[in-house]
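# Inside the fold
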Amino acid sequence: MKTGILLAVLGLLCNLSIAQSDFDSYFIDKSLRFDYTIAGNKDIQQIYFEQLKEEKFWGGSIKNLIDTLNRGDYRICIYSHPEGKLIYSRGYSDLFFEWQDTEEAKHMSRSYYGSAVFPFPKDNIRLEIHRRKYSNQFSLLYKQLVNPLDYSIQRTGTPDYKVHSLFQQGDPHTQVDIVILPEGYQADEMKKFKEDAARFMNYFFENEPFKTYQKKFNIYLVLAASAESGTDIPGRNQWKNTLLNSHFFTFGSDRYLTTRDVKGMRDLAACVPYDQIYVLVNSSYYGGGGIFNFYSLATSDNPESPEVFVHEFGHAFAALADEYAYEDTPVESLYNPAEENWHPNISNLVDLSLKWGSRLDSLTPVPTPIGPNNNGKIGIYEGAGYVQRGMYRPYPDCRMRSNHAERFCAICEEEIIRMIQFYTE
Ligand SMILES: [Zn+2]
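Keep in mind it's a predicted model, so treat the numbers as computed, not measured. (Residues numbered from 1 in each chain as written. Predicted model: local features only at pLDDT ≥ 70, side-chain atom pairs only at ≥ 80, totals over all residues. Heavy atoms only, no water.)

Moving on to the overall build of the protein chain. Scanning the protein chain for helices and strands turns up eight helices and 15 strands. Taking 425 residues into account, the globule formula puts the C-alpha radius of gyration at 22 Å, and the protein chain, at 21 Å, falls close to it. Principal-axis analysis of the C-alpha atoms places the extent of the protein chain at approximately 65 × 55 × 50 Å. Relative to its full complement of 425 residues, the protein chain shows a buried share of 57%. Taking the contacts inside the protein chain whose residues are at least 6 apart along the sequence as the reference set, 66% of them involve residues at least 24 apart. Counting only carbon and sulfur atoms, one obtains 50% of the accessible surface of the protein chain, whose full area is about 18,600 Å². Charge-centre separation for the protein chain: the mean point of 43 positive side chains lies 2 Å from the mean point of 55 negative side chains. (Helix = DSSP H or I, 4+ residues; strand = E, 2+ residues; numbered from the N terminus. Rg over C-alpha atoms; globule rule 2.2 N^0.38 Å. Buried < 20%, exposed > 50% of the residue type's maximum accessible area, 1.4 Å probe, protein only. Contact = heavy atoms within 4.5 Å. Areas by Shrake-Rupley, 256 points an atom, 1.4 Å probe, with all protein chains shown as cover. Lys, Arg positive; Asp, Glu negative; His and termini not counted. Charge placed at Lys NZ, Arg CZ, Asp CG, Glu CD.)

On to the environment of Y92, then. If you trace the backbone, Y92 turns up in strand β4 (residues 86-92). Apart from the residues lying within four places of it in its own chain, the contact partners of Y92 are Y36, R71, G72, D73, Y74, R75, I76, I129, F292 and N293. Within the structure, Y92 has its side chain in polar contact with the side chain of Y36 (distance 2.9 Å). (Polar contact = N/O pair within 3.5 Å; in protein donor to acceptor, adjacent residues only side chain to side chain.)

Let us look at the pairing of strand β13 (residues 295-299). With respect to burial, β13 is a largely interior element, five of its five residues being buried. Residues of β13 alternate between two faces, with Y295, L297 and T299 on one and S296 and A298 on the opposite face, all of them buried. As paired strands, strand β11 (residues 276-281) and β13 are joined by four bridges and run parallel to one another. Within β13, the residue paired with L280 across the bridge is A298. Of the strand pairs in this sheet, strand β12 (residues 288-291) and β13 are connected by four bridges, and their pairing is antiparallel. Residue G289 lies in a different strand from β13, and its bridge partner there is L297. Following β12, the chain reverses through three residues before pairing antiparallel with β13; N293 in that reversal takes a positive phi of roughly 50 degrees. (Pairing = 2+ DSSP bridges.)

A few words on the coordination of the zinc ion. Listed as protein donors to the zinc ion are E323 (OE), C398 (SG), C409 (SG) and C412 (SG); their distances from the metal cover 2.0 to 2.3 Å. Here the zinc ion binds four donor atoms, and the angle range of 94 to 130 degrees at the metal identifies the geometry as tetrahedral. Mapping the donors of the zinc ion onto the primary sequence yields the spacing E-x74-C-x10-C-x2-C. Pair noted here: E323 is in the loop between α7 (305-318) and β14 (381-384) and C398 is in the loop between β15 (387-393) and α8 (410-424), with a separation of 75 residues, a long-range link. The pair formed by E323 and C398 is uniform in burial state, with each residue classed as buried. (Donors = N, O, S within 2.8 Å, 3.2 Å for Na, K, Ca; no water. Tetrahedral: all angles 85-135°; square planar, octahedral: opposite > 155°, others 65-115°.)

Time to look at the domain arrangement of the protein chain. If you check the domain split of the protein chain, you get domain 1 (17-146), domain 2 (162-319) and domain 3 (325-404). One C-alpha centre belongs to domain 1, the other to domain 3; they are set 30 Å apart. Summing the contributions of domain 1 and of domain 3, the shared interface buries around 710 Å²; its carbon and sulfur component is 46%. Our enumeration of links across domain 1 and domain 3 arrives at zero salt bridges. Linking domain 1 with domain 3 are three residue pairs in polar contact (both at pLDDT 80 or more), by the criterion used here. Across the side of domain 1 that touches domain 3, the residue classes tally to one nonpolar, five polar and four charged. (Domains from an automatic or database assignment. Buried area = accessible area lost by both parts, 1.4 Å probe. Salt bridge = Lys/Arg side-chain N within 4 Å of Asp/Glu carboxyl O. Nonpolar A, V, L, I, M, F, W, Y, C, P; charged D, E, K, R; others polar.)

Tallying each qualifying case throughout the model produces 33 aromatic pairs. An angle of 45 degrees between the planes, with centres 5.6 Å apart, marks the rings of F23 and F27 as tilted. In this structure, F23 and F27 share a single accessibility class: buried. Ring geometry for F204 against F309: centres 6.3 Å apart, planes inclined by 90 degrees, an arrangement best described as edge-to-face. Of this pair, F204 sits in helix α5 (residues 190-204) while F309 sits in helix α7, placing them 105 residues apart in sequence. Taking relative accessible area as the criterion, F309 reaches 5% and is therefore assigned buried. The cationic tip of K30 hangs over the ring face of F120; the distance from NZ or CZ to the ring centre is 4.7 Å. In this structure, R126 packs its charged tip against the face of Y79, placed 4.3 Å from the ring centre. (Phe/Tyr/Trp six-rings, centres within 6.5 Å; stacked < 30°, edge-to-face > 60°. Lys NZ or Arg CZ within 6 Å of the ring centre and 35° of its normal.)

So, about the sheet that holds strand β5 (residues 110-121). If you walk across this open sheet you meet the three strands as β2-β1-β5, and the pairing is antiparallel. Two strands lie at the open edges of the sheet, namely β2 (45-55) and β5, each paired on one side alone. Along the sheet, successive strands turn relative to each other by an average axial angle of 20 degrees, direction set aside. Bridging between strand β1 (residues 27-40) and β5 involves 12 bridges; their strand directions are antiparallel. Bridging across to β5, G40 finds its partner in R110. (Axes fitted to C-alpha atoms, helices over the stretch in contact; angles between N-to-C directions.)

All right, on to a negative patch on the surface then. A cluster of acidic residues, D22, D24, D29 and D171, forms a negative patch at the surface. With respect to the element layout, D22 can be found in the loop between α1 (5-16) and α2 (23-26). (Patch = residues over 30% accessible without salt bridge, like charges linked within 9 Å, V, L, I, M, F, W, Y side chains within 5 Å.)

Turning our eyes to something else, we now look at the pattern of salt bridges. The tally for this structure, following the rule as stated, stands at 21 salt bridges. Residue D35 is joined to R33 by a salt bridge in which the shortest nitrogen-to-oxygen separation is 2.8 Å. Taken as a pair, D35 and R33 share a single burial class, namely buried. With a shortest N-O distance of 2.9 Å, D196 and R199 are connected by a salt bridge. A residue pair is termed a helical-turn pair when its members lie 3 or 4 positions apart in one helix, as D196 and R199 do in helix α5 at three residues. Residue classification places R199 among the partly exposed residues on the basis of a relative accessible area of 37%. Linked through salt bridges whose partners overlap, the residues forming this network are R33, D35, K53, E55, K263 and D267.

Set out below in structure tokens:
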């Protein structure tokens, strides 16, 4: 572990030195969506262009256009062209990057649909996608010049679905805008969808820091019906014809709920201004999924669905890692032992000053034992990020560790607040 204060100060200076660009000089108040296929195997990956699509709304900040937080497995960077000035960037993750860690990726190649949205440029731009390397640094994966007047940009408008404003507190540019999409709700179940979404919203705002920052959120629903009710549960041979083709048993995990229909999801979400997409799945099966700046999914009717709903949002909104551990996963198989990972709430102690190191006193034992003397205190608790040994978390329990936790730990709360401020300043 290294001393934290100097590095923390230097980090602050670096962030301050990144000048945000002027929205009105470079952008129009709507979105351009870059859709692509990403394909490869464990060792290689390549992006193939699918389409550019104009979208009606821009729900993001018009002030914080450059991402200063360095989160995610990828980032999209938009440069003015030919000047080459960075005018927008955003970190995100996706399902393909996770798939590359699976056994399947050692033996075959496959493709996933990907997408990134940015404010609509006034003039020519250079679009780049960067990918996080094992060394933790980003490298260029794809680049493309875009003329915003190009007639091949899809300008087909948004699908004609009814929109319901569940919770509206202000201008989308200075709010965190969540769009909740119904998955596996038939036309005659739209009332249930609205009631389910309202129930989850009420629970969401019972949790800190969302409770304190309630007025910083807008929540919209898009009322789009599925042909059948429920979702796919392949391991139980249950298949449903649903709007977004969601399914459990992602990568063989019965509780991992995802969708690969990113195009359909984005088309629906574009009916409203949004920062975060939440897919609410009409099922009582246990599980969910959350990928940073990509999407969250949770089911409606499991007894633990409310806790899962908030947990998955922690992944997708604030880049929080799971703080729980499995039995037998070696730390080296998931993390570079020479580098800190990009999640703020877990550390392998290579440089804890990048995480919560400055908050600890020098007598904090490593690992910190859980006991009556320090229960509830910040420390260096072993077991996090899916591994029992060699990865640490800041508190004994947290919403990112278990459904029984009372709340997010203080470090996760701070990261969520930091992200709320990034969107709403
Ligand atoms: Zn936490």
